[in-house]
Amino acid sequence: MVKGRCPFFGRCGGCTAQHVDYADQLENKKKQLVQAIDFEDVKAFSGTEYAYRNRMDFVFHKTGVGLRQRGKWDRIVDVETCAIANAELNVLLKEVRDFFTDVDAFDVRKHSGTFKYAVIRTPQNDSSISFVLNEDSSRITEATEKIEEFAKKSSVNNVVVTYVSSKTDVSVSGEFYVVKGKDMLHENYLGKEFVYSVQGFFQNNHKMAENMKKYVYDLLAKYDTSNVHLLDLYGGVGSFGVLNADLFNGVTVVESVKECIDAAEINLKENNITNGSAVVMDAKNLRKLDVPSPLFVITDPPRCGMHLKTIAQLNELNPKVIIYVSCNVAQLAKELDKFFKHKVESAAMFDLFPQTPHSEAVVELVLDEKD
């Protein structure tokens, strides 16, 4: 057992593993994957233990912002700095705390109040703050004027005001407007430039995410894929598709969120990917897509995993290789057995979330030619 670096550890509901030596954290996560997929030769990759996150959702309280208290969803720990957030994010956190010292904070029990969240994002060479407001509040105008005043003084590149219902506890929405800068952020992976929405998903540990994407590229590069098509399933803004397009005859990015596909189309164009396309489609409707053969697949589903229809349709498509990227090892274990035509060729654990029980897994599945 070790002493947690964060003075709020034990009270804040964020990190839960700071008391565990980091080497032991990694070993535990590796063992978890080994047991889940029944495959012994799991590689483990890690980076910095702290100061890695480039996104945090801070909750407003009357005199500032903080994080929810562990085990008590309606109470907030007043967090001055976050040990797992990167330095740039903590700078913006201080700016928010110094400016918003008396606000009409949302009360989760009464479902009243105006300010709900300050979502701070600090990817490489960019930054944003999304101020999430209760759309049902009668003090929206007053809150917006205060945010506009903050935007003029803050060092942040982009500021947006986001509206959500008093009855939901979310920090993103399609209802927002830009106060300062733009509503898109920029990131670089392996020399490729990507844009994504301030309201969208993007990995919050840049270095480890980049290492994981390089690992996937190297897995695919060992095959002769010159006449093969790549299906980038649950593709988001197309990062896997863009990064691996040069290995394949063609690439199709599939994602159900239109805003992500809009960004994916920009990313394909701006990175001069001439053999790629992006399609708005729920993965369970994969049968409607005309996918060329032979086929390789990268699938990177959310924590809930893939729909049973998606798995069934992938089995029908007979991809020669499936790279399954998972943020939920338990769900991964449930789904691997359903790919009855494939066998595990390799597996790796990437610790994108030190000081927490979470990690990312990359499993390489190859078609068993005996079947």
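Scroll up to find the structure this text is about.
Structure report, in brief. Source: prediction; values computed, not measured. (Residues numbered from 1 in each chain as written. Predicted model: local features only at pLDDT ≥ 70, side-chain atom pairs only at ≥ 80, totals over all residues. Heavy atoms only, no water.)

**Digging into the nonpolar core**
In step 1: Core analysis: the largest hydrophobic core is formed by 83 residues, its most contacted members being Phe 60, Val 96, Phe 100, Ile 129, Phe 131, Ile 323 and Val 362.
In step 2: In terms of residue count, helix H4 (residues 206-221) provides more of this core than any other element does, 7 residues in total.
In step 3: Setting aside anything within four residues of it in sequence, one finds Ile 323 in contact with Val 216, Leu 219, Leu 220, Val 297, Ile 298, Thr 299, Val 362, Val 363 and Glu 364.
In step 4: Ranked by size, the runner-up nonpolar core spans 32 residues in total, among them Tyr 234, Met 281, Ala 283 and Leu 314. (Core = buried A, V, L, I, M, F, W, Y, C linked by side-chain atoms within 4.5 Å. Buried < 20%, exposed > 50% of the residue type's maximum accessible area, 1.4 Å probe, protein only. Helix = DSSP H or I, 4+ residues; strand = E, 2+ residues; numbered from the N terminus. Contact = heavy atoms within 4.5 Å.)

**Some thoughts on the side chain of Thr 162**
In step 1: Within the fold, Thr 162 resides in strand S7 (residues 158-164).
In step 2: Exposure remark for Thr 162: the relative accessible area of 0% places this residue in the buried category.
In step 3: Within the structure, the side chain of Thr 162 is placed 2.7 Å from the side chain of Gln 199, a separation counted as a polar contact.
In step 4: Every residue in contact with Thr 162, bar those within four places of it in the chain, is listed here: Ser 130, Phe 131, Val 132, Leu 133, Val 172, Ser 173, Glu 175, Phe 176 and Gln 199. (Polar contact = N/O pair within 3.5 Å; in protein donor to acceptor, adjacent residues only side chain to side chain.)

**Here's the deal with the packing of aromatic side chains**
In step 1: Here the structure, examined in full by the defined rule, presents 17 aromatic pairs.
In step 2: Their ring planes at 65° and their centres at 5.7 Å tell us that Phe 248 and Phe 296 sit as a pair that is edge-to-face. On the criterion of sequence distance, the pair formed by Phe 248 in the loop between helix H5 (239-244) and strand S12 (250-255) and Phe 296 in strand S14 (residues 295-299) is long-range, its members being 48 residues apart.
In step 3: Under the relative-accessibility criterion, Phe 296 is labelled buried at 3%.
In step 4: Site record: aromatic cluster; members linked through ring pairs are Phe 60, Phe 99, Phe 100, Phe 115, Phe 131 and Phe 150.
In step 5: Cation over ring: Lys 116 sits above Phe 106, and NZ or CZ is 4.3 Å from the ring centre.
In step 6: Positioned above the aromatic ring of Phe 240, the side-chain terminus of Lys 213 is 4.0 Å from the ring centre. (Phe/Tyr/Trp six-rings, centres within 6.5 Å; stacked < 30°, edge-to-face > 60°. Lys NZ or Arg CZ within 6 Å of the ring centre and 35° of its normal.)

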